[in-house]
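Architecture and fold: a report
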Amino acid sequence: MLPQMPPRSCDTFVALPPAAAAGRVIFGKNSDRPADEVQEVVYFPAAAYPPGAALECTYITIEQVEQTHAVVLSRPSWLWGAEMGANEHGVCIGNEAVWGREEICEDEALLGMDLVRLGLERADTAEKALAVIVDLLEKYGQGGNCMESHMAFTYYNSFLIADRKEAWVLETSGKYWAAEKVEGGVRNISNQLSITTKIDKGHPELKEYAKSKGWWDGEKEFDFAATYSYVNTARMTTSRGRYCEGYKLLNKHKGSITCETMMEILRDKESGINMEGGFMTTGSMVSILPQQPNMPCVHFFTGTPDPARSVFKPFIFVPSITQLLKTSSPTFGHDDPVKKQPRFQNKPDRRHELYKKHESAAVVMETVQDQGKKLLKDIQELEKQKISEMESILQNGCLDTNQVVNLFPQCVEEELKIYS
């Protein structure tokens, strides 16, 4: 067995009314991945498939459904699934790596990131997405290298799933799982199991399996995180660590959380939420989910590393959206080293146009004081302008579909212009 990577992960957050302002649900996620990994923002329209069609995921092929929903995804550009994303019905999902007592299977199966995309493509509510993921988990399992490298980086997954009305946390250990409906207004997940005794849904053999392994005596109250991992659940929200720090930041702003608040949390470096180093925040997402079904959901994506010097760019689902070319990485078809056996023999250049220009701009921001400050100020002004425009749409309830069909690509063009 190859050595396991040290536990590193991401952070996902949700705020529901009344913790979130203006009666909206606010969702946010940082994707923390190897620093040289490219994250792309891509769109796939709704589609219909003939009965019995096959679907090729990152490593395995599964049965396709007859109808999929339109999705926008932020994903490591070498794989099929996604770290985070949304669908046309206002469902948002983010996943985290988790480790525990159950030995991780290195056999190739569905990645947690595949399950994110499958949940978005196949469900029109958060609760249905949860059902899709656990059904696929039971049928196909989870496993496989989660990094574009010879080094094995494998883990189980937790998920935060939200829609306009509610949110669920789903945490897994092998095929076993527990789910908690979010109550109390705010919730975050990080790289540890966090569901304790409030288990609203669960694998039918969850407790019996733990008992058979000697992890639970069958007498004391069943605590999922304490039983399936090594977490001291009594100290989860007081011990230093990203989960605890995220919990504190959410609660600090409870009652007035907006999309700007969530962006500020994702940019926080002191807490470690905005990660730096060999693993870093390579992509970020914030979504506004109004409870009124006639109002559009607004999804912001960076498509670039380090949200502190990136632009959150808005996306709204409307008909006739085309692929987001300047945040889409090159494709290599059957020549892709991920598809060839043995896998990962080399690593092609997967940088998309925005990534390349942002990479050069980040160097300027880091090394050329005056020019770097101006660049940062200009991209911050662009973001503020876009947030203001989106707020106007949400306040007035007036959506010109012709105007927003190219909303995200146009913002990318404006960002590129600043970098040039």
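As a starting point, this report considers the structure included with it. (Residues numbered from 1 in each chain as written. Predicted model: local features only at pLDDT ≥ 70, side-chain atom pairs only at ≥ 80, totals over all residues. Heavy atoms only, no water.)

We now examine the layout of surface pockets. Space inside the largest pocket adds up to approximately 490 Å³. Forming the boundary of the largest pocket are 24 residues, of which Arg75, Leu79, Thr331, Asp336 and Lys339 lie nearest the centre. If you tally residues by element for the lining of the largest pocket, the top one is strand E3 (residues 39–44), at three residues. Of the residues assigned to the lining of the largest pocket, the class counts are nine nonpolar, eight polar and seven charged. (1 Å grid on protein atoms, 1.4 Å probe; cavity = no way out; pocket = protein on both sides within 12 Å on 5 of 7 lines; lining within 4 Å. Points joined across faces, edges and corners; volume = space filled by probe spheres on them. Helix = DSSP H or I, 4+ residues; strand = E, 2+ residues; numbered from the N terminus. Nonpolar A, V, L, I, M, F, W, Y, C, P; charged D, E, K, R; others polar.)

Taken in spatial order, the eight strands of this open sheet run E3-E8-E9-E10-E11-E12-E13-E15, and their pairing is antiparallel. Every other strand in the sheet has two partners, leaving E3 and strand E15 (201–202) as the edge strands with one partner each. Where strand E9 (residues 84–87) and strand E10 (residues 92–98) come together, three bridges link them in antiparallel fashion. Bridged to Ala86 within E10 is Cys92. With respect to the sheet, helix H1 (residues 112–122) is in contact with E3, strand E8 (71–76), E9, E10 and strand E11 (156–162), its orientation differing from that of E10 by roughly 165 degrees. (Pairing = 2+ DSSP bridges. Contact = heavy atoms within 4.5 Å. Axes fitted to C-alpha atoms, helices over the stretch in contact; angles between N-to-C directions.)

A few words on the packing of H1 against helix H2 (residues 126–140). Running from N to C, H1 and H2 point in directions that differ by 130 degrees, and their axes come no closer than 8 Å. By the angle between their directions, the pair H1 and H2 is classed as oblique. The handedness of the crossing between H1 and H2 comes out as right-handed. Of the residues in H2, those in contact with Leu115, Leu118, Gly119 and Arg122 of H1 are Ala129, Val132, Ile133, Leu136 and Leu137. Of the residues in the contact of H1 with H2, the class split is seven nonpolar, one polar and one charged. (Parallel < 35°, antiparallel > 145°, perpendicular 65-115°, else oblique. Left-handed = near helix turned anticlockwise from the far one by under 90°.)

Looking now at unusual backbone geometry. Keep in mind that most residues, glycine aside, have a negative phi and that most peptide bonds are trans. Backbone torsion omega between Pro17 and Pro18 reads 5 degrees, so that peptide bond is classified as cis. Within the secondary structure, Pro18 sits in the loop between strand E1 (11–15) and strand E2 (24–34). A cis amide bond links Gln341 to the next residue, Pro342, at an omega of -5 degrees. Positionally, Pro342 belongs in the loop between strand E18 (313–315) and helix H7 (353–367). Positive phi, close to 70 degrees, is recorded for Ser320, a residue that is not glycine. Within the secondary structure, Ser320 sits in the loop between E18 and H7. Looking at Ser320, the relative accessible area reads 64%, which means it is exposed. Non-glycine residue Phe344 carries a positive phi angle of around 60 degrees. Tracing the backbone through its elements, the reader meets Phe344 in the loop between E18 and H7. When its relative accessible area of 9% is taken as the criterion, Phe344 is described as buried. (Buried < 20%, exposed > 50% of the residue type's maximum accessible area, 1.4 Å probe, protein only.)

Attention shifts here to the pattern of salt bridges. Tallied over the entire structure, the rule returns 34 salt bridges. Of the charged contacts, one joins Glu96 and Lys29 as a salt bridge, the two residues approaching to 3.7 Å between their closest N and O atoms. One end of the pair, Glu96, is in strand E10; the other, Lys29, is in strand E2, with 67 residues separating them in the sequence. Accessibility classification places Glu96 together with Lys29 in one group, the buried group. Here Lys313 and Glu415 are joined by a salt bridge, their closest N and O atoms 2.9 Å apart. With Lys313 in strand E18 and Glu415 in helix H10 (residues 407–419), this pair connects stretches of sequence that are 102 residues apart. The same class applies to Lys313 and to Glu415, which are both buried. Through salt bridges with shared partners, a single ionic network connects Lys269, Glu276, Asp306, Arg309 and Glu366. (Salt bridge = Lys/Arg side-chain N within 4 Å of Asp/Glu carboxyl O.)

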